[in-house]
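If you want the building blocks of each chain, they are given just below.
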Amino acid sequence: NDLIHYSERMRFQDTIVPGKMIAVTNGKPVLDVINTGGTFKLAIPKGMFGASQELQSLFPSCEIVLCDSHQDGMDMVRQGRADMTIVNEILGSYLMQSPYYSDLKPVYLNHVMENLTIGMGSSSDVMLMSILNKVIQSFSQSDIQQLVMEYTAKHPYQKDMKELLYEYWGILLLVLFV
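Residues numbered from 1 in each chain as written. Predicted model: local features only at pLDDT ≥ 70, side-chain atom pairs only at ≥ 80, totals over all residues. Heavy atoms only, no water.

Caption draft 1: The arrangement of the confidence of the model for the protein in detail. With 76% of its residues at a pLDDT of 70 or more, the protein shows a mean pLDDT of 76. Model confidence for the protein, summarised as mean pLDDT per element, is weakest for helix H1 (residues 2-8) at 43 and strongest for helix H4 (residues 70-78) at 93. Note that residues 1-6 has pLDDT below 50 and, in this model, 5 contacts with residues that lie over four places away or in other chains. (pLDDT = per-residue confidence, 0-100. Helix = DSSP H or I, 4+ residues; strand = E, 2+ residues; numbered from the N terminus. Contact = heavy atoms within 4.5 Å.)

Shown next as structure tokens:
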């Protein structure tokens, strides 16, 4: 498995920001499928290779489908190519504000954690890794929360022109033809 070989070539720093994950579904009773043991498709980004085994153990009846990004996973759910995707709650909350995802449903998974960290090649400088860990450990929990707020909640989602047209196409047509 390429993902396992890739993970053997990586080293990860200490956790910077611990976070919870959310499942994003298309509103179909995917959680019923999970609870009854039926099969479903779970889209995860290729970069979450480390989580694939944990997710497979949490959801033994899932078929993991790899995608390019969290947004790509949400697109796969929206288009019906996957039944569910897993997203960090901060990123998921941000992406769910897009009108493209208005029909998707978030489900909070309190038992599934994602720890934000820095990954480096296993041949990277040990001294650099030690320095990074010391810097990470020097941040207090309030410093980390302040940084998270600074770069997430303080910057609300901005819809682009495509999203506005998608959201208001009916009104636009009405105005154009009246």
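Caption draft 2: Representation of the pattern of salt bridges. By the definition in use, this model includes 1 salt bridge. For Asp68, the salt bridge identified is with Lys46, shortest N-O distance 3.0 Å. Taken together, the residues Asp68 in the loop between strand E4 (62-67) and H4 and Lys46 in the loop between strand E3 (40-45) and helix H3 (49-58) connect sequence positions 22 residues apart. Owing to a relative accessible area of 45%, Lys46 belongs among the partly exposed residues under this scheme. (Salt bridge = Lys/Arg side-chain N within 4 Å of Asp/Glu carboxyl O. Buried < 20%, exposed > 50% of the residue type's maximum accessible area, 1.4 Å probe, protein only.)

Caption draft 3: Geometry of the pairing of E3. Burial analysis of E3 places 5 of its 6 residues in the buried class, which makes it a mostly covered element. Both E3 and E4 contribute to a ladder of 6 bridges, which runs parallel. Of the residues in E4, the one forming a bridge with Ile44 is Leu66. Inspection of the sheet shows E3 paired to strand E5 (residues 84-88) by 2 bridges, in the parallel sense. Counted as the bridge partner of Leu42 is Met84 from E5. (Pairing = 2+ DSSP bridges.)

Caption draft 4: A look at the side chain of Thr85. Within the fold, Thr85 resides in strand E5. Engagement of the side chain of Thr85 in a polar contact is seen with the backbone oxygen of Ala43, the distance being 2.6 Å. With sequence-adjacent residues up to four places away left out, Thr85 is seen in contact with Ile22, Ala23, Val24, Leu42, Ala43, Gly73, Met74 and Val77. (Polar contact = N/O pair within 3.5 Å; in protein donor to acceptor, adjacent residues only side chain to side chain.)

Caption draft 5: The arrangement of the nonpolar core in detail. Core analysis: the biggest nonpolar cluster contains 15 residues, and Val24, Met74, Met76, Met96, Tyr101 and Leu104 have the highest contact counts within it. Mapped by element, the contributors of at least two residues to this core are strand E2 (17-25), E4 and H4. Ignoring sequence-local partners within four residues, the contact set of Leu104 consists of Val24, Thr25, Asn26, Met74, Val77, Arg78 and Met96. Formed by 12 residues, the second largest nonpolar core is a distinct cluster that contains Met21, Phe40, Leu42 and Phe59. (Core = buried A, V, L, I, M, F, W, Y, C linked by side-chain atoms within 4.5 Å.)

Caption draft 6: The pairing of E5, seen in detail. The buried fraction of E5 amounts to 5 of the 5 residues, a majority that puts the element mostly inside the structure. On E5, burial covers both faces: Met84, Ile86 and Asn88 on one face and Thr85 and Val87 on the other are all buried.

Caption draft 7: Local environment of the environment of Ser69. With respect to the helices and strands, Ser69 occurs in the loop between E4 and H4. The spacing of Ser69 and Lys46 is 23 residues in sequence and 7.3 Å in space, taken between C-alpha atoms.

Caption draft 8: Structural detail: the environment of Ser140. Its place among the elements puts Ser140 in the loop between helix H6 (126-138) and helix H7 (141-151). Relative accessible area serves as the criterion here: at 30%, Ser140 is assigned to the partly exposed category. Reaching out from Ser140, the side chain makes a polar contact with the side chain of Ser142 at a distance of 3.1 Å. Looking at Ser140, its side chain comes within polar contact range of the main-chain nitrogen of Asp143, at 3.1 Å.

Caption draft 9: Region of interest: a nonpolar patch on the surface. A cluster of nonpolar side chains, Met161, Leu164, Leu165, Tyr168, Trp169, Ile171, Leu172, Leu173, Val175, Leu176 and Phe177, forms an exposed patch at the surface whose accessible area comes to about 1200 Å². At the level of elements, helix H8 (161-167) and helix H9 (169-176) are the ones that each hand at least two residues to the nonpolar patch. The element contributing the most residues to the nonpolar patch is H9, with 6 residues. Relative to the assigned elements, Leu176 resides in helix H9. (Patch = residues over 30% accessible without salt bridge, like charges linked within 9 Å, V, L, I, M, F, W, Y side chains within 5 Å. Areas by Shrake-Rupley, 256 points an atom, 1.4 Å probe, with all protein chains shown as cover.)

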